[in-house]
Amino acid sequence: MTAYVVFIREKTTNSSQLEIYAEKSPAGLKGHPVTPRAVYGKHLVLEGPQIEGAVILEFPTFEEANTWYNSPAYQEALQYRLKGGNYRGFIIQGV
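A short note on the nonpolar core
- Of all hydrophobic cores here, the largest spans 16 residues; its most connected members are Val5, Phe7, Leu57, Phe59, Trp68 and Tyr74.
- Listing elements by their share of this core, those giving two or more residues are strand 1 (3–12), helix 1 (15–29), strand 3 (53–59), helix 2 (62–69) and helix 3 (72–84).
- Tallying contributions element by element places helix 3 first for this core, with four residues.
- Those residues in contact with Phe59, other than ones at most four positions away along the chain, are Thr2, Ala3, Val5, His32, Pro33, Val34, Glu64, Ala65 and Trp68.

Structure follows, in structure tokens:
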């Protein structure tokens, strides 16, 4: 069953770290069955606090999403995202 990885950026704290993340993160996607569905496009917050943006990535299964997130290549890039901003992230199973 399809699964989605969702990242919500609440606040940028270090833009230079996010630039490094942007350079490194594509390598983490290689070899994984991922389809980007939304990447920091136009958004409207309907409920809750404002956000700076969001990313939605689609994977064929929950397990494949989790494998990608925990892969060495993505974990290498992740450290820069975490140093660069306040995020919320989760995997959710589709219907």
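After presenting the structure, the write-up continues.
Points about unusual backbone geometry
- For Tyr40, which is not glycine, the phi torsion reads 50 degrees and is therefore positive.
- Position of Tyr40 relative to the elements: it lies in the loop between strand 2 (35–39) and strand 3.
- When its relative accessible area of 33% is taken as the criterion, Tyr40 is described as partly exposed.

Reading the values: rules and limits
- Residues numbered from 1 in each chain as written.
- Predicted model: local features only at pLDDT ≥ 70, side-chain atom pairs only at ≥ 80, totals over all residues.
- Heavy atoms only, no water.
- Core = buried A, V, L, I, M, F, W, Y, C linked by side-chain atoms within 4.5 Å.
- Buried < 20%, exposed > 50% of the residue type's maximum accessible area, 1.4 Å probe, protein only.
- Helix = DSSP H or I, 4+ residues; strand = E, 2+ residues; numbered from the N terminus.
- Contact = heavy atoms within 4.5 Å.

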